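Tertiary structure, described
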Amino acid sequence: MTVANLKTKQIYPGDGVRRVWEIPFPFIRAEHIRLWRVDARGRAVEKTAGFTVDETEKEVTYPVEDSLELPLQAGEYLVLERQTPLTQETDLKRQAALDAQGLEDALDANVLRAQELAEGLSRALKFPVQTQGNETDAAAYITQLTDVQASALSACGQAEQSAQQAADNAALCAQTAQESARLAVDAKAQVAQFQPQIESAKNAALQAQTASESAQAACDESRRQCVSAQQVCAAAQADVATSAQSVSTQAAQVQTLAAQSATAAEQAQNWASKTDGPVEGDVYSAKKYAQEAAQSAQNFRGLAIGMVVLSQSNLATDNPGCLPLWTGEYYTNAVALYPDFYAWVKSHSELCKTKAEYDAAIATYGECPYYVADEVSGSLRLPKLANYIKMANSTEGITQKGAGLPNITGSIDPFVDMNRNWSGALEVNNTAPFNPSGTTGNGNGSHVMFDASKSNAIYGASDTVQPAHTTLYPWVCAFNAAVPASTAQAAEFTAALAGKANATPAQSFINQSMAWGVPDYSAGVAVACPYTAPTAGLFVAFCSSGVDYIKIGGVDLGMRFSANNHAAVFVQAGDVISVAGTGPATCKFFPLKGALNA
């Protein structure tokens, strides 16, 4: 390219709207363009991000939309400058052909650098042309300028003192002139005798006038300096006002964050201990579920593990310790949720089927009275009882059969009349009025009818196969100790807490110990049991061998965990937590962010 344009930079004023700026000078690469933002007070800040360079359209976009920066306002300026690196990238090979484009590019780059150096030198402070080579010590030159400045300031001080002295002399001379005038009036007759004194007085008056003019000039200079000082003070006051406004804004933000922290802290407290209503939607606090667990423990009916009971209620709260047997429920982690019940099912192989056999029974009979264990490691599917249940006997055990009816029988003899030889579901009720074609007889034939209810009264008693029954809900006892809440309640509470995992209530926490569901394990405090929680938080126990369980206030929560497994429970301030069982446990406590110490 040709380099006929001498510009190396461009300054644009802001208007509060514009984001796209033309590059009116040549450049080789986008990274050679540098950008400064200059505020209304002339302070320039180089921007290293937040803008893009379009080499094809030769324009800069600043600020880009996603940079969160505002466009340049009125009074601000944008400075675009080209800075070509001081490197040489053209490599000429011996005996090789010369690349014209490569030579031109290298020449263009040198011209661009020369333009940039010339522009920079035009803004530089230079020594006078007569300066010798050994007189270009910048440090010495700056020292000389400093000395000159100090001398000028000293001269100004001396001038001010001289002006004050001149003013004093002028006042004294004026007083002398007045006195001389009085004497001149009194000695008018002796004018000739005192003529020399009169001339002296005139000269003194002229001197006084000259001193007065000098004093006036000094006063004008002092006044100018005072105006300059007032301007400096006004600028300083403006800066102070701006700083005060900034401090006020930051104080308001702090108050807002404090209010958010208080709200989040109250919400955290509600999740821990609110009992007079749900915390969110229809989900209650941990304390509410703990109270229901205690009530469930009081309502416990003393059932054996695996015992099936019939209930008039389909609510888990009315059937503590039991799981439903009419829905075919599936529990992925039954071995941890109900370890005793899971062991009982595994010990009764006659009650277990494979998943394929379970699905086939559902397809054939609409129900299945068997369990499916270990479908996934530790999982359990419960039976689904949907039809009439017949009493089992000692020889059949638990069996499964499709719907059926007793047989229908009856008999009739040939040439029967209505008075004899019929039985079962067949009957005759009148004599035929004629002989069928091709037969002979006296005309006393019979009309034969069929009615199954004459064989068994169950026929016609229903539109479908329906044994006599009473509708109740079947339940199976899965645990016979106090638990925190029913499985459904525990699932609801877990889902509610999981919904908080991606929230950002950072201001609601006291420290960095634990966010919603995301503990910082470096902040955990190793504790010994029994342990009294100082605040609301998460209590975590790790079992190294055997089987352990957690107790709060002496109440077994029913959370069994075996070797190399964890158990965790949220607690509130004042709760006494302990771990019991057959194996040693390592325990840690994570205080909840924003939790109160009361």
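If you're wondering where the values come from, they're calculated on a predicted model, not measured in any experiment. (Residues numbered from 1 in each chain as written. Predicted model: local features only at pLDDT ≥ 70, side-chain atom pairs only at ≥ 80, totals over all residues. Heavy atoms only, no water.)

Before going further, it helps to spend a moment on the nonpolar core. Core analysis: the largest hydrophobic core is formed by 23 residues, its most contacted members being Leu-323, Tyr-338, Phe-341, Tyr-371, Leu-380 and Leu-382. Mapped by element, the contributors of at least two residues to this core are strand S9 (322-324), helix H6 (339-347) and strand S17 (473-477). Core analysis: the second largest hydrophobic core is formed by 15 residues, Ala-533, Ala-567, Cys-587 and Phe-589 among them. (Core = buried A, V, L, I, M, F, W, Y, C linked by side-chain atoms within 4.5 Å. Buried < 20%, exposed > 50% of the residue type's maximum accessible area, 1.4 Å probe, protein only. Helix = DSSP H or I, 4+ residues; strand = E, 2+ residues; numbered from the N terminus.)

What follows deals with the sheet that holds strand S3 (residues 33-38). Strand order across the open sheet formed by four strands is S1-S7-S3-S4, with antiparallel pairing between neighbours. The open sheet terminates on both sides in strands that have one partner only, identified here as strand S1 (9-13) and strand S4 (44-47). Between one strand axis and the next, the sheet turns by 25° as a mean value, whatever way the strands run. Looking at chain direction, S3 and S4 are connected through four bridges and run antiparallel. Looking across to S4, one finds that Trp-36 is bridged to Glu-46. (Pairing = 2+ DSSP bridges. Axes fitted to C-alpha atoms, helices over the stretch in contact; angles between N-to-C directions.)

Moving on to the confidence of the model for the protein chain. This prediction gives the protein chain a mean pLDDT of 76; 66% of its residues lie at or above 70. Overall, residues 482-486 carries pLDDT values under 50, and its contacts beyond four positions in sequence, including any with other chains, amount to 17 contacts. Low pLDDT, under 50, characterises residues 499-517; the predicted model gives this stretch 44 contacts beyond four residues in sequence or across chains. (pLDDT = per-residue confidence, 0-100. Contact = heavy atoms within 4.5 Å.)

Counted under the stated rule, the structure contains 13 salt bridges. For Glu-69, the salt bridge goes to Lys-47, with nearest N and O atoms at 3.3 Å. Of this pair, Glu-69 sits in the loop between strand S6 (59-61) and strand S7 (77-82) while Lys-47 sits in strand S4, and the two are 22 residues apart along the sequence. For Glu-69, a relative accessible area of 23% puts it in the partly exposed group. (Salt bridge = Lys/Arg side-chain N within 4 Å of Asp/Glu carboxyl O.)

Residues apart from glycine generally show negative phi values, whereas peptide bonds are mostly found in trans. Going from Tyr-62 to Pro-63, the amide bond is cis rather than trans, its omega being -10°. Here Pro-63 lies in the loop between S6 and S7. A positive phi is found at Lys-58, a non-glycine position, where the angle reads about 55°. At Asn-564, a residue that is not glycine, the phi angle is positive and equals roughly 65°.

A word on the pairing of S1. The side-chain alternation of S1 yields one buried face, formed by Gln-10 and Tyr-12, and one unburied face, formed by Lys-9, Ile-11 and Pro-13. Two strands pair when backbone bridges link them, and S1 and S7 are joined in this way by five bridges, in the antiparallel orientation. Looking across to S7, one finds that Tyr-12 is bridged to Leu-78.

A few words on the environment of Ser-311. Locating Ser-311 in the fold gives a position in strand S8 (residues 308-311). Considered as a pair, Ser-311 and Trp-475 are 164 residues apart in the sequence and their alpha carbons are 7.3 Å apart. Among all residues touching Ser-311, those that are not within four sequence positions of it are Asn-319, Leu-472, Tyr-473 and Trp-475. A distance of 3.0 Å separates the side chain of Ser-311 from the side chain of Asn-319, its partner in a polar contact. (Polar contact = N/O pair within 3.5 Å; in protein donor to acceptor, adjacent residues only side chain to side chain.)

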